[in-house]
Amino acid sequence: MKTSSKAISFLESLRIPEGPKAGEPVKLAPFQKRFVRGALADGINVAVLSIGRGNAKTALSAGLALAAVMGVIDRQPRREIIIAARTRDQGRIAFDFAVGFMRSLPEDQQAQFTVRRSPRLEIEYHDDGGGHVIRVIAADGKSALGGAPTLVLMDERGHWALDQGDALEAALLSGLGKRGGRALIISTSAADDAHPFSVWLDQDQPGVYRQEHRPAPGLPADDLASLREANPGAVAGIGASVEWLQGQARRAIARGGSTLTSFRLYNRNERVSGESRDVLLSVDEWLRCEVSELPPRAGSVVLGIDLGGSASMTAAAFYWPETGRLECHGTFPSRPSLVDRGASDGVGDRYSQMQDRGELSTLGDLTVPVASWLVETMKRIEGQPVACLIADRFKQAELGEAIDKAGIRAPVIWRGTGWRDGNEDCERFRRAAFDGKILTSPSLLLRSAIADAVVLKDPANNLKLAKGRSTGRIDAVQASVIAVAEGARMVGRSSGRGGRVVWG
């Protein structure tokens with residue numbers, strides 16, 4: 001019998017230790033069986049599971065830890081199973097599940113266990129091969145040095161402190177190599193693509209099994225299909241029901257702010273920051289700007305430009321202040337390819353998807369030729385009256401030369417991206433979004449950039465745009481912010497005209 005089949009049979013011989021179904025036999029859902037088969041397949045030494053909160057991922061892995069210590073899935077002598085968590089209390093959750101499952105075994109098997117809660121959380125199993133142990137440790141890498149575990153469970157890896165978490169993970173994985181052990185890395189999504197847990201999920205590596213239940217970004221929080229995707233246990237009768245999740249989603253939408261962000265992170269398993277740092281716009285605030293039918297290209301257009309280098313994206317935003325229509329297009333150099341860029345930026349095939357949707361293109365070799373790019377950009381608004389081009393004054397010399405070379409005849413406005421100009425532009429962009437004066441078609445390019453965009457504050461509470469992560473690409477948002485802000489100034493100036501005041 002395969003190791004995975006033995007594990008499934010063992011798990012379904014146990015009884016649920018707590019909750020409304022306490023005392024009932026364990027019945028694994030399809031997604032749980034899929035993970036067990038993948039994690040215990042030949043040649044796999046690391047299995048990664050990302051799923052929404054409340055889908056019994058900790059209980060499942062605790063059951064596998066019990067199977068390992070009893071020799072069901074591993075017959076090595078003196079087996080050592082490590083449950084690693086951010087804190088001791090977090091590790092206690094998996095520990096208590098393992099103890100609860102153990103209490104459902106026949107009495108003669110229970111007699112072979114010794115449970116210790118002080119000074120450390122340990123479960124020792126005695127058989128003819130000697131003592132085998134399940135041990136809980138917290139995220140301090142030094143506590144794992146020198147060990148030789150046969151199985152490691154890293155619980156809620158996406159929410160460990162970065163420095164201590166990385167040290168602990170490295171120590172545990174190096175210890176596993178001594179005895180050919182396996183690691184189970186489970187968690188809800190981390191806050192961003194650059195987190196080590198996200199990297200495990202995004203990078204295809206030999207010997208690594210990956211299973212992620214994460215919906216597409218940018219969907220409404222109460223979208224039923226994506227709630228089911230992030231919470232397959234709800235469909236199988238595990239944890240919260242779909243109706244409860246949808247009710248919580250609507251409550252989170254009504255409250256907004258950190259409540260909505262937390263729901264997206266933990267219950268929808270999305271990669272959004274759970275911190276209370278400032279964002280330019282939340283995902284849900286941006287979704288209100290997306291419309292199925294765009295208003296016409298009426299009046300003059302403001303062209304916002306953000307030039308990138310060899311690694312960054314070059315972006316152009318087209319904004320019609322009269323109707324609020326916003327369009328945006330991004331460009332990368334041809335090398336490296338979009339697939340390779342997506343891998344290095346930790347976004348998978350997102351750039352390729354943008355290209356397929358017509359939102360992103362490639363031009364040039366290692367850098368985007370600015371003059372040629374400007375010519376292609378102006379073709380997108382051919383026949384439209386251009387009010388002005390607006391760009392970062394830091395690139396004034398480079399862009400000015402390209403404008404002359406391309407033969408473009410339009411006013412150029414140079415803006416700074418520091419606290420002074422940046423604060424005004426960010427606030428005008430936010431106000432336009434809240435007032436319904438930004439209308440755009442659903443754009444993966446803009447959704448992705450909005451998700452990466454945060455705002456920094458100086459002591460006087462002025463804002464400036466910044467990246468939320470080092471490999472984030474916010475060029476499309478930067479171009480859109482300066483274009484929309486200039487459009488708002490144009491509208492304000494035109495509405496202010498009237499009769500002259502004469503002082504007597």
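Summarised in this report is the structure supplied together with it. (Residues numbered from 1 in each chain as written. Predicted model: local features only at pLDDT ≥ 70, side-chain atom pairs only at ≥ 80, totals over all residues. Heavy atoms only, no water.)

## Quick look at the packing of aromatic side chains
On inspection of all chains with the given rule, the structure shows 5 aromatic pairs. Between Phe-35 and Tyr-209, the aromatic rings sit 6.2 Å apart at their centres with planes inclined by 50 degrees, giving tilted as the arrangement. Of the two residues, Phe-35 sits in helix α2 (residues 30-39) while Tyr-209 sits in strand β8 (residues 208-212), which places them 174 residues apart along the sequence. For the pair formed by Phe-35 and Tyr-209, the shared burial category is buried. Geometry around Tyr-266 places Arg-53 over its ring, the cationic atom sitting 4.3 Å from the centre. (Phe/Tyr/Trp six-rings, centres within 6.5 Å; stacked < 30°, edge-to-face > 60°. Helix = DSSP H or I, 4+ residues; strand = E, 2+ residues; numbered from the N terminus. Buried < 20%, exposed > 50% of the residue type's maximum accessible area, 1.4 Å probe, protein only. Lys NZ or Arg CZ within 6 Å of the ring centre and 35° of its normal.)

## Re the sheet that holds strand β13 (residues 386-392)
Note: strands within a sheet are paired through backbone hydrogen bonds, in either parallel or antiparallel orientation. Strands sit in the order β12-β11-β10-β9-β13-β14 across an open sheet of 6 strands; the sheet is mixed. Two strands lie at the open edges of the sheet, namely β12 (360-362) and β14 (412-415), each paired on one side alone. For this sheet the average axis-to-axis angle between neighbouring strands, irrespective of direction, equals 20 degrees. As paired elements, strand β9 (residues 301-306) and strand β10 (residues 314-320) share 5 bridges and run antiparallel to each other. By the bridge assignment for β10, Ile-305 is matched with Ala-316. Across the sheet, helix α16 (residues 396-406) touches β9, β13 and β14, and the angle it forms with β14 is around 165 degrees. (Pairing = 2+ DSSP bridges. Axes fitted to C-alpha atoms, helices over the stretch in contact; angles between N-to-C directions. Contact = heavy atoms within 4.5 Å.)

## Let's talk about the packing of helix α3 (residues 57-69) against helix α4 (residues 88-102)
For the pair α3 and α4, interaxial distance at closest approach is 8 Å and the crossing angle is 60 degrees. Here α4 runs oblique to α3, going by the angle between their axes. The way α3 lies across α4 gives a crossing that is right-handed. Facing Thr-58, Ala-59, Ala-62, Gly-63 and Leu-66 of α3, the residues of α4 in contact are Ile-93, Ala-94, Phe-97, Ala-98, Phe-101 and Met-102. Each residue belonging to the contact of α3 with α4 can be placed in one class, and the counts come to 9 nonpolar, 2 polar and no charged. (Parallel < 35°, antiparallel > 145°, perpendicular 65-115°, else oblique. Left-handed = near helix turned anticlockwise from the far one by under 90°. Nonpolar A, V, L, I, M, F, W, Y, C, P; charged D, E, K, R; others polar.)

## Comments concerning the pairing of β10
Buried residues dominate β10, accounting for 7 of its 7 residues. Alternating residues of β10 divide into Thr-314, Ala-316, Phe-318 and Trp-320 and Ala-315, Ala-317 and Tyr-319, and every residue in both groups is buried. Here β10 pairs with strand β11 (residues 325-332) via 7 bridges, running antiparallel. Among the inter-strand pairings, Ala-315 is bridged to a residue of β11, identified as Gly-330. Between β10 and the antiparallel strand that follows it, β11, lie 4 residues; Gly-324 among them carries a positive phi value of about 85 degrees.

## Let's talk about α2
Think of an α-helix as 3.6 residues a turn; residues three or four steps apart then line up on the same face. Taken residue by residue, α2 has Phe-31, Gln-32, Phe-35, Val-36, Gly-38 and Ala-39 as its buried positions. The buried side chains of α2 occupy one side of the element, clustering within an arc of 165 degrees when seen end-on. (Arc of directions from axis to C-beta.)

## Quick word on the environment of Met-1
Within the secondary structure, Met-1 is located in the segment before α1 (3-11). Its relative accessible area of 72% is what places Met-1 among the exposed residues.

## Considerations on the pattern of salt bridges
Scanning the entire structure with this criterion turns up 33 salt bridges. Asp-166 serves as the salt-bridge partner of Arg-157, at 3.0 Å between the closest nitrogen and oxygen. Of the residues examined, Arg-157 reaches a relative accessible area of 0% and is grouped as buried. Put simply, Glu-424 and Arg-415 hold a salt bridge, and the shortest N to O gap is 3.5 Å. We classify Arg-415 as buried; its relative accessible area is 12%. (Salt bridge = Lys/Arg side-chain N within 4 Å of Asp/Glu carboxyl O.)

## Points about the nonpolar core
Residues Leu-66 and Phe-113 are the most contacted members of the largest nonpolar core, which totals 50 residues. With 9 residues, α3 is the largest single contributor of residues to this core. Setting aside residues no more than four positions away along its own chain, Phe-113 makes contact with Leu-66, Val-69, Met-70, Met-102, Leu-105, Ile-123, Glu-124 and Tyr-125. Counting 41 residues, the second largest nonpolar core, distinct from the first, contains Phe-332, Ala-433, Ile-438 and Leu-444. (Core = buried A, V, L, I, M, F, W, Y, C linked by side-chain atoms within 4.5 Å.)

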